[in-house]
Structures are given as C-alpha cells and as structure tokens.
Amino acid sequence: MWVAKRLLSSIVLKGHYSLLCRPPSSLREYELRFLHCTFCRNSRIMVSAFDNLNASISSELSQEINKPLDSCYTTVQRAVILQLLNTATESELAQVKLLRGRKAVNIIDYRTRHGPFNSLESVINVPLLKHKSAVIVFDSILKPAERKERKKGKAHLAKFIRPEVDRAFLEDASSIVSIVCGTNNIAWTHMDRAKTVLDWQQAECKSFMKGTYMASDYLNDISTVLSSFPAADFFVVEKPSISPQNTSLYPVMVHLRTVEAMLFALLSLAREPGSPPKVLNMLRTAIGRHFDLIVGDCRTSGADTVRKMMTDSVIKQDPRVLFPHDLVLKHRNSFQMSSRNRGEELCDALLQAVAFFELLQE
C-alpha cells in the first residue's frame, strides 16, 4: 500500500513535463480536480478536468442529431422521398432498406389515419421510425440502383463455392460430379456444361449411423461408392447447413462432417502449383435460394422442382435440364410421397449440379 502511494505521488509531482503536467501551449487551461485511486482508497490524484471539452463535443453531436430532416435534403430529393412514402404499397415499401415488416405496415397505417406525409420531419411520428433510421430509409430511397448492383456483383463472384477458386477455372469445367451425403446413403449426379445428365444414382452405405462408429467401416463404404464415380473436372460436395447449436441434430452433423472429410481426403489428389483444387464445397443454403426453396430459416424439399425438370425434358424442345430416356424411366417414381426418403439426396445432388452451372452464367 505504501509503495503504491509513493508511486502515485511521484507520477503527479515529478518534473515540469511529467505525465500530468503539460508544457506551455496555446491550449486552454482546465481546472484541476481530485480522482480517487481504486487501489489506494485514501489517495487522491489531481488530473485535468475535461468535462468542459466533453460537454462541447456532446453538444455538437446533439445538434447534428436534432437537425431538422427537411434541411438535410434538397427540394427535389424531398419530393422523391415523399412521393414514394405516400404512394408505395406494402410490398414496394418492403424493398426499401429497414422498411421490411412492421415498419412498412406502420407507414400505411399512418397514411390512412393522418393523410399523406407533408414533410420529412413528419415521418418520425411513425412508430418504430426515429431520426437515425429515417435518414437510412431516405438515403435508400434516393439510391436504390447502387444496392441492386452490389447484390448482383456478389452473386457474380461465385461466393457459393468453398474454397474460393478462380472463376476462369470453374467456367472451363466440361463436367462435374455433384455429391450429397445422407444418413444412410451417398447420391451423385454427373453433369456436363450443357446441363445434360450423364449419370445419376445413389448407393446405400450400411455402416452409416449404425451402432458404434467404426472409421474403417465408414472408409470401406465410402471407398466402394467412390469406385463408381466417373472422371470429372470437379467434385462438388454439398456443405450441410446444420447448426452446431441444434443439439438434437448433433449426431447427424458429426456424421455428415465425417463423411465430408473422408470424401475430401479420398478425392483430393496431389496437384501442381497453380492448379485449382479438384474437390469443392457448395453451400446448401445457396442452392435453396437459387431454386426458391428457403422458407424462413429452413430449406424445403426440391422433389417438385426435379419432377418438373424431368417432365420438361420429355415434352419441351429446349428443356432446362436434359435427361437421357433411361434415367427418366429409372427415377420417375423415386420422388413420390410413398417412396422411401422420397429420394431427397438424389434430388439435392441434381439441383446442386444445375445450380453450379446456372450460377456461373449469372
């Protein structure tokens, strides 16, 4: 305790240019006040009081926040903002940043009760809209094109692939094998750049999630499946979207990641410097968004989408995906409600291959 007091005293009193003693300058002088040390409860240290400085800064920020909204925009800009807020439907308002959901409903309710907005300042009377959020909304209304351009650019860079690969290598691929793992099987689709299905099947793996986990049994099953794979430029393995925080599905998540790791190890060959990896991950959620299969935070079945693709392949001149006749006959009943598992892994393997080539074209 005594040592601490001496140390603190020396800091305050030592020299003309000590830590707390400033050299002469043009800065305004501040009165000194005592600061209690939390270690030495009885010691008091004199420090410069910056209360006045903090108060001046806070005052400037307060003035900026309280600045009238109408004075922040030109007459033309105000007219554009008010035109949209007074005429847009709920779905149109939902396209504006921060207005999705309850805020859009509140704006329409306010218009119905009080009439159209006659100033930007009146917008903050709408529940859930304050000064800061109103500014973001107004700026989004004035610059909608920039937001759309950014979103399009993000998809254009093929961020759905892991690890990231130079786009030129992906576009040069003549064919890929799309792989999806299930709890008791592995499904794959071999597809070329023209979106013609070259092969499409699944194999049962008897050791998957049965009794005590044995790495050797998993390895034997996976190796047997891989022996049926055709040659391709890339092998694309679905990246599951199960959260580790979902404890009820934790065994399934561990199983899928174990199979995924073995697939990467067995399919990855020694590659030359500068060449891309042969085995890639594709995010399951990205595929779901591409085919509009996401409801809330969950991805729904793609069986209906696949059935439509198979039907169009038979009856249309230029179908989205071309199926050989023998594969249509083989899998035409694989996706019925009464069939085992409804062929979900087969569906997902096909949709992943289609999404791979279609997203590259965007």
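Look up: the structure comes first, before these words.
Treat the numbers as computed from the prediction; the structure is a model and nothing was measured. (Residues numbered from 1 in each chain as written. Predicted model: local features only at pLDDT ≥ 70, side-chain atom pairs only at ≥ 80, totals over all residues. Heavy atoms only, no water.)

**Remarks on the nonpolar core**
A general feature of soluble globular proteins is that nonpolar side chains tend to end up buried together. Threshold: Remark: nonpolar core denotes a set of buried residues (Ala, Val, Leu, Ile, Met, Phe, Trp, Tyr, Cys) joined through side-chain atoms within 4.5 Å. Remark: exposure states derive from per-residue accessible area (1.4 Å probe, protein chains only) relative to the maximum for the residue type, with buried under 20%, exposed over 50%, and partly exposed in between. Think of it this way: any DSSP run of H or I at least four residues long counts as a helix, any run of E at least two long counts as a strand, and we number them from the N terminus. We call two residues in contact whenever any of their non-hydrogen atoms come within 4.5 Å of each other.
Membership of the largest hydrophobic core comes to 40 residues, with the highest contact counts inside it found for Trp-200, Met-282, Phe-323, Leu-350 and Phe-356. In terms of residues, this core owes the most to one element, helix H14 (residues 344-361), which gives twelve residues. Contact partners of Phe-356, with chain neighbours within four places excluded, come to Phe-160, Ile-161, Leu-170, Ile-176, Val-236 and Met-282.

**Considering helix H10 (residues 250-267)**
Note the following rule: Take the residue count of a helix, subtract one, and multiply by 1.5 Å to get its expected span.
Across its 18 residues, H10 extends 26 Å between first and last C-alpha, which sits within 8% of the 26 Å expected from 1.5 Å per residue. Taken as a whole, H10 has its buried residues at Met-253, His-255, Leu-256, Val-259, Glu-260, Met-262, Leu-263 and Leu-267. Where H10 is buried, its residues touch strand E4 (175-181), strand E5 (185-192), helix H9 (215-226), strand E7 (234-239) and strand E8 (279-283).

**Side note on the packing of aromatic side chains**
Selection rule: Note on aromatic contacts: the rings of Phe and Tyr and the six-membered ring of Trp form a pair at centre separations within 6.5 Å, being stacked when their planes are under 30 degrees apart, edge-to-face when over 60 apart, and tilted otherwise.
Inspection of every chain in the model, using the stated rule, returns eight aromatic pairs. Note on Trp-200 and Phe-323: the rings are 5.6 Å apart at their centroids and 50° apart in plane angle, and the pair reads as tilted. Of this pair, Trp-200 sits in strand E6 (residues 197-204) while Phe-323 sits in the loop between helix H12 (303-315) and helix H13 (325-331), and the two are 123 residues apart along the sequence. Of the two residues, Trp-200 and Phe-323, both sit in the buried class. Each ring, one from Phe-356 and one from Phe-357, has its centre 5.2 Å from the other, and the planes form 85°; the classification is edge-to-face. On the accessibility criterion, Phe-356 (0% relative accessible area) is buried. Feature note: the residues Trp-188, Phe-229 and Phe-235 constitute an aromatic cluster, connected by ring pairs.

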